[in-house]
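Coordinate inspection notes
In case you want the letters, here they are:
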Amino acid sequence: VQLQASGGGLVQAGGSLRLSCAASGRTFSNYYMGWFRQAPGKAREFVAASSGSGGSTYYADSVKGRFTISRDNSKNLVYLQMNSLKPEDTAVYYCAADQYIPAPRIRYVSAYSYWGQGTQVTVSS
């Protein structure tokens, strides 16, 4: 499956952005989708994930209540709505995918086989 992330940009603290990830190549609803981010000099970290149907979602504690992951399986799209953005949210955001991922592994980079190219999100104070 090929992934293409978009929607990043520069926003002031407290603002909002919506990232999109377009998938192609396989039956989209068969794939768990995740969002990760990587700030300069830091390891890539889990942000949010969704089961194939969208019925189960998972969030990092740092974004819970501010970010929402959703998906439109008819359009092969997954979204990350980011509200109340903080300067510490600044990073390159990546979408990732793989077939069934058990819940204990949903936060691991290694659980995902397919990755998009990343989109930069910069939050100014």
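Further up the page is the structure itself.
Overview of the structure. Because the structure is predicted, anything quoted here is derived from the model rather than measured.

Concerning the environment of Arg44
Looking at the element boundaries, Arg44 is found in the loop between strand 4 (32–38) and strand 5 (45–50). What makes Arg44 partly exposed here is its relative accessible area of 29%. Looking at Arg44, its side chain comes within polar contact range of the side chain of Gln38, at 3.3 Å.

Remarks on the layout of surface pockets
Volume-wise, the largest pocket comes out at about 160 Å³. Its residues assigned to classes, the lining of the largest pocket comprises three nonpolar, three polar and seven charged.

Things to note about the state of the cysteines
Tallied over the entire structure, the rule returns one disulfide. Paired by a disulfide, Cys21 and Cys95 hold their sulfur atoms 2.1 Å apart. Across the S-S bond of Cys21 and Cys95 the torsion is about 65 degrees, and the bridge reads as right-handed. Of this pair, Cys21 sits in strand 3 (residues 17–24) while Cys95 is found in strand 9 (residues 91–98), placing the two residues 74 residues apart along the sequence. Each member of the pair Cys21 and Cys95 is classed as buried.

Focus on the packing of aromatic side chains
Following the criterion strictly, the structure yields six aromatic pairs and no others. Considering the side-chain rings of Phe36 and Tyr112, the 5.1 Å spacing of their centres and the 80 degrees angle between planes classify their relative orientation as edge-to-face. Remark: Tyr112 occurs in the loop between strand 9 and strand 10 (114–115) and Phe36 occurs in strand 4; sequence separation between them is 76 residues. Accessibility assignment for this pair places Phe36 and Tyr112 in one class, buried. These aromatic residues form a ring-pair network of at least three members: Phe36, Phe46, Tyr112 and Trp115. Positioned above the aromatic ring of Phe28 is the side chain of Arg71, whose terminal nitrogen or guanidinium carbon lies 4.4 Å from the ring centre.

With respect to the sheet that holds strand 8 (residues 77–82)
Within the open sheet, the four strands sit side by side as 1-3-8-7. Their pairing is antiparallel. The open sheet has two edge strands, strand 1 (2–6) and strand 7 (67–72), and neither has a second partner. Within this sheet the neighbouring strands show an average axis-to-axis angle of 15 degrees, counted without direction. Of the pairings in the sheet, the one linking strand 3 to strand 8 comprises six bridges and is antiparallel in character. Along strand 8, the bridge assignment pairs Ala22 with Leu77.

Re the pattern of salt bridges
Inspection of the entire model under this criterion finds four salt bridges. Note that Arg37 and Glu45 form a salt bridge whose closest N and O atoms lie 2.6 Å from each other. On the basis of relative accessibility, which here comes to 6%, the residue Arg37 falls in the buried class. Residue classification places Glu45 among the partly exposed residues on the basis of a relative accessible area of 37%. Notably, a salt bridge pairs Asp61 with Lys64, separated by 3.3 Å at the nearest N-O pair. In the salt-bridge network here, residues are joined through shared partners; they are Arg37, Glu45, Arg66 and Asp89.

Rules used in this analysis
Residues numbered from 1 in each chain as written. Predicted model: local features only at pLDDT ≥ 70, side-chain atom pairs only at ≥ 80, totals over all residues. Heavy atoms only, no water. Helix = DSSP H or I, 4+ residues; strand = E, 2+ residues; numbered from the N terminus. Buried < 20%, exposed > 50% of the residue type's maximum accessible area, 1.4 Å probe, protein only. Polar contact = N/O pair within 3.5 Å; in protein donor to acceptor, adjacent residues only side chain to side chain. 1 Å grid on protein atoms, 1.4 Å probe; cavity = no way out; pocket = protein on both sides within 12 Å on 5 of 7 lines; lining within 4 Å. Points joined across faces, edges and corners; volume = space filled by probe spheres on them. Nonpolar A, V, L, I, M, F, W, Y, C, P; charged D, E, K, R; others polar. Disulfide = S-S within 2.5 Å. Phe/Tyr/Trp six-rings, centres within 6.5 Å; stacked < 30°, edge-to-face > 60°. Lys NZ or Arg CZ within 6 Å of the ring centre and 35° of its normal. Pairing = 2+ DSSP bridges. Axes fitted to C-alpha atoms, helices over the stretch in contact; angles between N-to-C directions. Salt bridge = Lys/Arg side-chain N within 4 Å of Asp/Glu carboxyl O.

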